[in-house]
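Report on the structure
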Amino acid sequence: MKNKILVIDDEPSIVTLLEYHLSQAGFEVLIAMDGEEGKRVAETESPDFILLDLMLPKLDGMEVCKQLRQQKIMTPILILTAKDDALDKILGLELGADDYMVKPFSTREVIARIKAILRRTQVQTEEAYIKIDEKEFVIGELIIYPMKFEAYFKGNQIELTLKEFELLVYLAKNKGRVQSRDELLHAVWKNDFSSDTRIVDVHISRLREKIKEETKKPVYIKTFRGVGYKLEEPK
């Protein structure tokens, strides 16, 4: 069965180019020319992958990504945009996108990245089923259920993006051990952004906001300046 790729872009030339090359590569291609239509197709057609432009009519790409993740639609998303801005890149990843490419791009590289992310997603799914004995992590008032993709703090479910959840699980698996930014980048982002450790800092900051006590001092996730981060039992 062919993998379905949803292209959400309002530039006809880009859509035509991607549709041709993706079809030649053996994918079934779905097209949406604005954000609202793209979100609807993503919800109803269950694509295997989404190529998402940021500057879209009706609903911008960031909002499309955000709303899909809020609905627990975890279809891999590759952002394609003319905006070569580091903050946009980090924000897109923070909202749950899996990768980011700036226009103009090589269609060969787009297809290579799609295949790599699909392979990685498949491996992660298979590993999740294999590790069925890994039921939960309990760290103070933080409870993480890897198999359910759920986490709770003080009895309340925490809303996490996919990357936030993967980062939290990795920290929990290595509880009590300091992890460098490079280690975390490799483990969670699989070297896709091997030179941009700011992505780790952004996600750590967001995790802290979601599991913080009534204090300005970090309790669960501690920083070791110049080294990295550690998740530990609160004292």
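Anything mentioned here points back to the structure above.
Below you will find a few notes about this structure.

**Observations concerning the overall build of the chain**
In terms of helices and strands, the chain carries eight helices and twelve strands. As presented, the chain carries roughly 12200 Å² of accessible surface, and 50% of it is formed by carbon and sulfur atoms.

**Observations concerning the sheet that holds strand S12 (residues 228-231)**
Sheet architecture is open: three strands sit in the order S10-S12-S11, paired in antiparallel fashion. Among the strands making up the open sheet, the edge pair consists of strand S10 (179-180) and strand S11 (221-224). Of the pairings in the sheet, the one linking S11 to S12 comprises four bridges and is antiparallel in character. Looking at the pairing, Ile221 lines up with Leu231 of S12. Helix H6 (residues 162-173) rests against S10, S11 and S12 of the sheet, and its axis sits at about 75° to S12.

**Digging into the packing of helix H2 (residues 35-45) against helix H3 (residues 61-70)**
Contact geometry of H2 with H3 gives a least axis separation of 10 Å together with a crossing angle of 25°. Classed by the angle they form, the pair H2 and H3 counts as roughly parallel. Considering how the two elements wind past one another, H2 and H3 form a crossing that is right-handed. Side by side, H2 and H3 meet where Gly35, Lys39, Ala42 and Glu43 of the first sit next to Val64, Gln67 and Leu68 of the second. Its residues assigned to classes, the contact of H2 with H3 comprises three nonpolar, two polar and two charged.

**Considering the packing of aromatic side chains**
Tallied over the full model, the rule gives three aromatic pairs. Ring geometry for Phe149 and Phe165: centres 5.6 Å apart, planes at 45°, overall tilted. Highlighted residues: Phe149 in the loop between strand S7 (142-145) and strand S8 (150-153) and Phe165 in helix H6, separated in sequence by 16 residues. Both rings, one in Phe153 and one in Tyr220, keep their centres 5.5 Å apart while their planes meet at 85°; by these two values the pair is edge-to-face. Residue Phe153 is found in strand S8, and its partner Tyr220 is found in the loop between helix H8 (198-210) and S11; the two are separated by 67 residues along the sequence. A relative accessible area of 2% means that Tyr220 is categorised as buried.

**Points about the sheet that holds S8**
Strand order in the open sheet made by the four strands is S6-S7-S8-S9, with antiparallel pairing throughout. Edge positions in the open sheet fall to strand S6 (137-139) and strand S9 (156-157), since each of these has one partner strand only. Bridging between S7 and S8 involves four bridges; their strand directions are antiparallel. Paired with Ile144 across the bridge in S8 is Ala151.

**Remarks on the pairing of strand S1 (residues 4-8)**
Each regular strand carries side chains that alternate between the two faces of the sheet. Within S1, five of the five residues are buried, which leaves it mostly tucked inside the rest of the structure. Both faces of S1 are covered, namely the face carrying Lys4, Leu6 and Ile8 and the face carrying Ile5 and Val7. Alignment of S1 against strand S2 (residues 28-32), held across five bridges, turns out to be parallel. Following the sheet pairing, Val7 is matched in S2 by Ile31. Bridge analysis of S1 against strand S3 (residues 49-53) gives four bridges, and the strand direction is parallel.

**Things to note about helix H1 (residues 12-24)**
Its 13 residues place the ends of H1 18 Å apart at the C-alpha level, agreeing with the 18 Å of an ideal helix rising 1.5 Å per residue. Residues Ile14, Val15, Leu18 and Leu22 constitute the buried set of H1. Taken end-on, H1 shows its buried residues confined to a sector of 95°, consistent with a single buried face. In H1, those exposed residues whose orientation departs by more than 90 degrees from the buried face are Pro12, Ser13, Thr16 and Gln24.

**Overview of the pattern of salt bridges**
For the structure shown, the criterion picks out 17 salt bridges. Residue Lys39 pairs with Glu43 through a salt bridge whose shortest N-O separation is 2.7 Å. With Lys39 and Glu43 both in helix H2, this residue pair falls four residues apart, about one helical turn. The class for Lys39 is buried, based on a relative accessible area of 15%. With relative accessibility at 31%, the residue Glu43 sits in the partly exposed group. Three or more residues are tied together by salt bridges with common partners; here these are Asp9, Glu11, Asp53 and Lys103.

Rules used throughout
- Numbers given to residues run from 1 along each chain, matching the order in which its sequence is written.
- Confidence filtering applies because this is a predicted model: local features only for residues at pLDDT of at least 70, side-chain atom pairs given and counted only at 80 or more, and all residues used for totals across whole chains, interfaces and linings.
- Side-chain descriptors were evaluated using all non-hydrogen atoms of the structure, hydrogens and water having been removed beforehand.
- Going along the chain from the N terminus, every DSSP run of H or I of four or more residues is numbered as a helix, and every run of E of two or more is numbered as a strand.
- Only the protein chains shown count as cover for residues, and the accessible areas themselves come from Shrake-Rupley with a 1.4 Å probe.
- Pairing between strands requires that DSSP locate at least two bridges from one strand to the other.
- It only takes one pair of heavy atoms within 4.5 Å for two residues to be counted as in contact.
- To get an axis, fit a line to the C-alpha atoms, keeping to the stretch in contact for a helix; angles then go from 0 to 180 degrees between the N-to-C directions.
- Roughly parallel means an angle under 35 degrees; roughly antiparallel means over 145; roughly perpendicular covers 65 to 115; every other angle is labelled oblique.
- The handedness criterion is simple: a crossing whose near helix is rotated anticlockwise from the far helix by less than a right angle is left-handed, and one whose near helix is rotated clockwise is right-handed.
- Only Asp, Glu, Lys and Arg are considered charged in this grouping, and only Ala, Val, Leu, Ile, Met, Phe, Trp, Tyr, Cys and Pro are considered nonpolar; every other residue, Gly among them, is considered polar.
- Pairing of aromatic rings covers Phe, Tyr and the six-membered ring of Trp, with a centre-to-centre limit of 6.5 Å; geometry is then stacked below 30 degrees between planes, edge-to-face above 60, and tilted otherwise.
- Whether a residue is buried, partly exposed or exposed follows from its accessible area with a 1.4 Å probe, protein chains only, as a fraction of its type maximum: under 20%, in between, or over 50%, in that order.
- Between the first and last residue of a helix there are one fewer steps than residues, each counted as 1.5 Å, and that sum is the expected span.
- Arc, as used here, means the arc of the directions from the helix axis to the C-beta atoms.
- We define a salt bridge as a contact between a side-chain nitrogen of Lys or Arg and a carboxyl oxygen of Asp or Glu at a distance within 4 Å.

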